[in-house]
Amino acid sequence: MSATASTQSSEGLGAYADVTASEASLRRFLHGLPGVDQVGAEARAAALGTRSIKTTAKAYALDLAISMVDLTTLEGQDTPGKVRALANKALRPDPSDPSCPSAAAVCVYGDLVGDVKEIVGDRVNVAAVATAFPSGRAALDVKLADTRDAVEAGADEIDMVIDRGAFLAGHYLQVFEEIVAVKEACRRPDGSHAHLKVIFETGELQTYDNVRRASWLAMLAGSDFIKTSTGKVQPAATLPVTLVMLEAVRDFREATGVQIGVKPAGGIRTAKDAIKYLVMVNEITGPDWLTPDWFRFGASTLLNDLLMQRTKMATGRYSGPDYFTLD
Amino acid sequence: MAASRLEVRKTYKLYIGGAFPRSESGHSYEVHDSKGKFVANAAKASRKDVRDAVVAARKAFPGWAGRTAYNRGQILYRIAEVMEDRRPQFVQAVQQSEGGSAAQAGRQVDEAIDRLVWYAGWADKLAQVAGNANPVAGPFFNHSAPEPTGVVGVLAPQSSSLLGLVSVVAPVVVTGNTTVVVSSYSRPLPAVTFAEVLATSDVPGGVVNLLTGDAATLGPWLAAHMDVNAIDVTGVAGDLDTATALEVAAADNLKRVRRAPAAEPDWTAVPALTTMTDFLETKTVWHPIGV
Amino acid sequence: MVSTGTTTGSPIFDYAPAPESRAIVDIKPSYGLFIDGEFVDGHGHSFKTINPATEETLAEVAEADEADVDRAVKAARRAFRGWSRMPGKERAKYLYRIARIIQERSRELAVLESIDNGKPIKESRDVDVPIMAAHFFYHAGWADKLEYAGLGPNPQPLGVAAQVIPWNFPLLMLAWKIAPALACGNTVVLKPAETTPLTALLFAEICQQADLPPGVVNFVTGAGDTGQTLVSHPDVDKVAFTGSTAVGKAIARSIAGTDKKATLELGGKAANIVFDDAPIDQAIEGIVSGIFFNQGHVCCAGSRLLLQESIAEEAMAKLKRRMSTLRVGDPLDKNTDIGAINSAAQLARIRALAEIGEDEGAERWSPPCELPSSGYWFPPTVFTGVSQAHRIAREEIFGPVLSVLTFRTPAEAVEKANNTPYGLSAGVWTDKGSRILFMADKLRAGVVWANTFNKFDPASPFGGYKESGYGREGGRQGLAGYLKAGA
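Under the annotation held in an unreviewed UniProt entry, chain B carries the name Aldehyde dehydrogenase family protein and is attributed to Nocardioides antri.

As recorded by an unreviewed UniProt entry, chain A carries the name Deoxyribose-phosphate aldolase and is attributed to Nocardioides antri. Comment text from UniProt for chain A, heading Sequence similarities (unreviewed entry), reads "Belongs to the DeoC/FbaB aldolase family. DeoC type 2 subfamily." Recorded under Catalytic activity (unreviewed entry), the UniProt text for chain A is reproduced unchanged: "2-deoxy-D-ribose 5-phosphate = D-glyceraldehyde 3-phosphate + acetaldehyde".

Now the structure itself:
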């Protein structure tokens, strides 16, 4: 696929041009990736989950986690008022404590990007879901229009969904080309582009082998981030799925020199869970990924639990939900 | 006047690796019948014959262990068929060795043949009885099955020259082990005939190696041999000092030892499963269950 | 614009110390023997047990001399009468009761185990103690079902079992020995290892707490002489030993000509075989847990890594990266992956063999890691360029030292894996099902872990081929070591 070569600058990626040259070669490549043993992967994730993060390490992890949150609302009932409130929350998660970091981004449907942007400006990113979120079932030109609209409205980041039906049917090149096209649609007039996060909906892909293949496919197609889930399908993000994706970005950087971010989304509700993810990032990819540039949490209720734990660390007593804003 | 025909005498030899060599040492010894009358010279196996037999048994082991259990059962049954065919010869050999009536010897031969048939039937069942699935507390397939331990040295009983011999050899080989057998010293002739049956019963060369000779002399070489995995010292039953010395030597490479009973047992009793399981290893295999 | 892999200079996520509190254990200044349901003084020279992570003395422990061993065996013999005749369902309830107390006191057991042994608390907490409890639960259920064990009708206990266990898994080995013995109606005299006696003595308290009849379980502490005296005692019917092959052979000799039945679980030099189509990330985990679990003080450790040559370089890079994340240090820190070497003697042996590995030309590598200044420590270490002729490929090091060899074909892998006097365990990593079954069939080892490693379960028989010993522990097959055919 010549589009790949033109959009990728890294020499490392050039070596993979043949891989995406045809359906057959892409299929051979993806099916030639090492398998993932489910039991072993889950055991590894569980073992990392037993790390005990205390005191200074915990304080560091809580602030880091807050700064990685893509504060998300993706409901039919979302209104300009609702997302503005959320935008304020992202800017100042704990109004009583100016030392509390901002969230990484606010994640909304494309039509509400402008409302969020008005509040956050350049201080917090605005992410928009696109490409017929969450099912991904629409014609390509509709998906591209969806993407362009959001970018034009000022979205800094686009969270697209892949066509799981095409992926499961083995039409890998179709999925690949769609990502390439959406990436192109993320381009702004000034040549820069909105960061593209590619959502796999891992709950529908079912196997870790598929997650690994989808990860490589998306990374080869030019995604900036790979993301687990829409939040609309159970299971959403899990530790082992994220583990497999972290292994993929680690291996991809080793092979190509290109670093890709990871975003588990959906189902991460407690600070304790978030810290497990950070431990996993730390030990699988290493600290290079321990910044909001390379790791995000797609979440809504998580933020308040992070704030409560943060307050507990500072005050020494347990807090309650009444002391944190519900937006 | 018709000239009397000179009988062609048989030279009794060892059975190693499917061939019938003389003893490497060149030694033989006189075999007498139960009344003390000279019958024949038997080859007197030496330590070097033990060495050669172990090499032959080791070489035959992977192939024999790798046969299907069904095939090993078929071959053991074939041994029984050929023995049945040569029943009169066995009856004569047993009677000559053990004395008693022809009818008594016949019963020994019949029991020996039936014993082979009994063990032949175990070939493809023992793994089902001695092995099993293990319900471990985790997402794993876990399964235990018996496997042959390897090369087994057998000191065959001194009294029961055929039934006793078959009763110690069949359980060892039916499960896939190969063996080096030292026959009864004073009653070796049924063993030699048995070797001839083995040679014509589809038993691969080296699976059973039969040495005629002295258990007390050859036993220590077998017991100390580092390429022998197990030893049955039934042949020194009643001789605790020798049995103990053999067990001590066997510890050098941690051979599985089937100890000698205080006296030779009643071979007509139904054997215990331990006759086979004493020379088996339980192998347990784990594998994750996932998608 | 594609982001490239530059470090963003984030501060390192440093895990603060997370020590498990040792306040839960109460270590007495001195300990006696446990005979006939009571703690009694020993008549040998007492010895010290130390914390290998700090070298501090933990307690003085009595040494059992010949008379003490005799007293213990006599107590076990007296108790055998009642215990063996007790209905199986009643024996079962004692074992269930013990299992429950182990669970209730699990934290205490785990902490004491880590203090006396040096193993990381996460292992004693998540592996040793839970599996110990599981062994008692599993065998409790057998006590009244022995006629279904496949050993014929009305199987009978053997009598008094002399059991000698090693220092690498003090509680787990105790459970592997005591649970089946008791379930089958035997009584026990057990000698814990000289360097790790404390948890056995805590278990003695659990026996008291469970109202186990006096004499059913007895503990004699001491070193090799005490063990030799115990297994040689004429009134012992069963010997069960886990430990070195050399001592196993000595035991086999010492019981020659007797009626004593033996179960010997000895050394190993397991091959862990990784094919080019392996699920590589899980294989790397399996390699790591195979050799670094419990500081490599594991008889079934995957101490010989056989890598298919076509992936050797890539796999080594991944392995080294993974090894760099291993955390060596305070056994009581919940984030410690590798604890202390159990004793100065063992540390000396590991060091000596590692030096021999270097002298023989193998390439040694360890990740940068800061070891504590006191205590016995050895960094996770890997040797590449190892051939079958090297001593580090043949001898059991019993430490966190991995020897890496390569192979080209499945046949070569089998040949190399089996080319050892040992035969305890083996590992195979491949995504091809038929190859797994082929390898599992050809490997001469009592336990074959395919696409996993170092998994243990009371329902799963464990034990070796060849010089790794004989008999099995665990599962239905394990019962055979403690029963004889009924009349």
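Peer 1: What's the story with the overall build of chain B in this structure? I'm lost.
Peer 2: Scanning chain B from terminus to terminus reveals ten helices and ten strands. Relative to the globule expectation of 19 Å for 291 residues, the C-alpha radius of gyration of chain B, 20 Å, shows essentially globular dimensions. If you line up chain B on its principal axes, its C-alpha atoms span 90 × 40 × 35 Å. Every one of the 291 residues in chain B was classed for burial, and the buried ones make up 54%. In chain B, of all internal contacts separated by at least 6 residues, the share reaching a separation of at least 24 is 77%.

Peer 1: How do you make sense of the interface of chain C and chain B when you look at a structure like this?
Peer 2: Bring the parts together and some accessible area is lost; that lost area is often taken as the interface size. Across the boundary between the two partners, chain C contributes 34 residues, which contact 29 residues of chain B. At the level of secondary structure, the elements contributing two or more residues to the side of chain C that touches chain B comprise α8 (245–254), α14 (433–442), β18 (447–450), β19 (469–470) and α15 (475–479) of chain C. Tallied by class, residues from the side of chain C that touches chain B come to 16 nonpolar, ten polar and eight charged. Bridging between strand β10 (residues 280–288) of chain B and β18 of chain C involves three bridges; their strand directions are parallel. Across the sheet, residue Trp 286 of chain B finds its bridge partner in β18 of chain C, namely Trp 449 of chain C.

Peer 1: Would you take a moment to explain unusual backbone geometry for this structure?
Peer 2: Peptide bonds are trans in most cases, and residues, glycine excluded, mostly fall at negative phi. For the bond running from Phe 133 of chain A to Pro 134 of chain A, omega is 0 degrees, close enough to zero to count as cis. Each neighbour pair has its own omega, and for Gln 234 of chain A with Pro 235 of chain A the value is -5 degrees, a cis peptide bond. In this fold, Pro 235 of chain A is placed in the loop between β6 (225–227) and α13 (239–256). Phi is positive for Ala 132 of chain A, close to 60 degrees, though the residue is something other than glycine. Along the chain, Ala 132 of chain A turns up in the loop between β3 (125–130) and α8 (140–152). Within the chain, Phe 398 of chain C stands out as a residue other than glycine whose phi angle is a positive 60 degrees. On the secondary structure map, Phe 398 of chain C appears in the loop between α12 (391–394) and β16 (401–407).

Peer 1: What's the story with the sheet that holds β10 of chain B in this structure? I'm lost.
Peer 2: As summarised here, the arrangement of the ten strands in space is β3(B)-β4(B)-β10(B)-β18(C)-β17(C)-β12(C)-β13(C)-β16(C)-β15(C)-β14(C), forming an open sheet in which the pairing is mixed. Bordering the open sheet on either side are β3 (132–133) of chain B together with β14 (363–365) of chain C, each of which pairs with just one other strand. Note: β3 of chain B against strand β4 (residues 140–148) of chain B, two bridges, orientation antiparallel. When the bridges of β4 of chain B are listed, Ala 133 of chain B appears paired with His 143 of chain B. Packing of helix α10 (residues 309–323) of chain C onto the sheet brings it into contact with β12 (271–274), β13 (304–308), β14, β15 (381–384) and β16 of chain C, and relative to β13 of chain C it is tilted by some 130 degrees.

Peer 1: Would you take a moment to explain the nonpolar core for this structure?
Peer 2: In a soluble, globular protein the nonpolar side chains are often hidden away together inside. Counting residues in each nonpolar core, the largest one holds 260 residues, and the members touching the most others are Leu 116 of chain B together with Leu 95 of chain C. The greatest single-element share of this core, amounting to eleven residues, is contributed by helix α5 (residues 170–183) of chain C. Among the domains, domain 1 (30–266 + 466–484) and domain 2 (271–450) of chain C are the pair contributing at least three residues each to this core. The residues contacting Leu 95 of chain C, other than those within four sequence positions of it, are Phe 136, His 139, Ala 140, Ala 143, Ala 179, Leu 182 and Ala 183 of chain C. In terms of nonpolar packing, the next biggest core, distinct from the first, is built from 112 residues, Leu 13, Met 68, Leu 112 and Trp 289 of chain A among them.

Peer 1: Got a minute to help me understand helix α8 (residues 215–224) of chain B in this structure?
Peer 2: Side chains three or four residues apart in an α-helix point the same way, a direct result of the helix having 3.6 residues per turn. Every buried residue of α8 of chain B is accounted for by Ala 215, Leu 218, Gly 219, Trp 221, Leu 222 and Ala 223 of chain B. Next to the buried residues of α8 of chain B lie α1 (47–66), β5 (151–155), β6 (178–182), β7 (208–211), β8 (230–232) and α9 (240–250) of chain B.

Peer 1: It is not clear to me how the pairing of strand β11 (residues 261–265) of chain C should be interpreted in this structure. Could you clarify?
Peer 2: Note on strand geometry: in a regular strand, side chains alternate between the two faces of the sheet. All names here are of chain C. In terms of burial, β11 is a largely internal element, five of the five residues being buried. By the alternation rule, side chains of β11 split into Lys 261, Thr 263 and Glu 265 and Ala 262 and Leu 264, which are all buried. Alignment of strand β10 (residues 238–242) against β11, held across five bridges, turns out to be parallel. Bridge assignment links Ala 240 to a residue of β11, and that residue is Thr 263. Direction of pairing for β11 relative to β19: antiparallel, over a ladder of two bridges. Paired with Glu 265 across the two strands is Gly 469, which belongs to β19.

Criteria and cut-off values
Residues numbered from 1 in each chain as written. Chains lettered and ligands numbered in written order. Predicted model: local features only at pLDDT ≥ 70, side-chain atom pairs only at ≥ 80, totals over all residues. UniProt positions renumbered as here; feature names shortened; annotations may be inferred. Helix = DSSP H or I, 4+ residues; strand = E, 2+ residues; numbered from the N terminus. Rg over C-alpha atoms; globule rule 2.2 N^0.38 Å. Buried ≥ 20, exposed ≤ 12 C-beta atoms within 10 Å, placed from the backbone. Contact = placed C-beta atoms within 7 Å. Nonpolar A, V, L, I, M, F, W, Y, C, P; charged D, E, K, R; others polar. Pairing = 2+ DSSP bridges. Axes fitted to C-alpha atoms, helices over the stretch in contact; angles between N-to-C directions. Core = buried A, V, L, I, M, F, W, Y, C linked by C-beta atoms within 7 Å. Domains from an automatic or database assignment.

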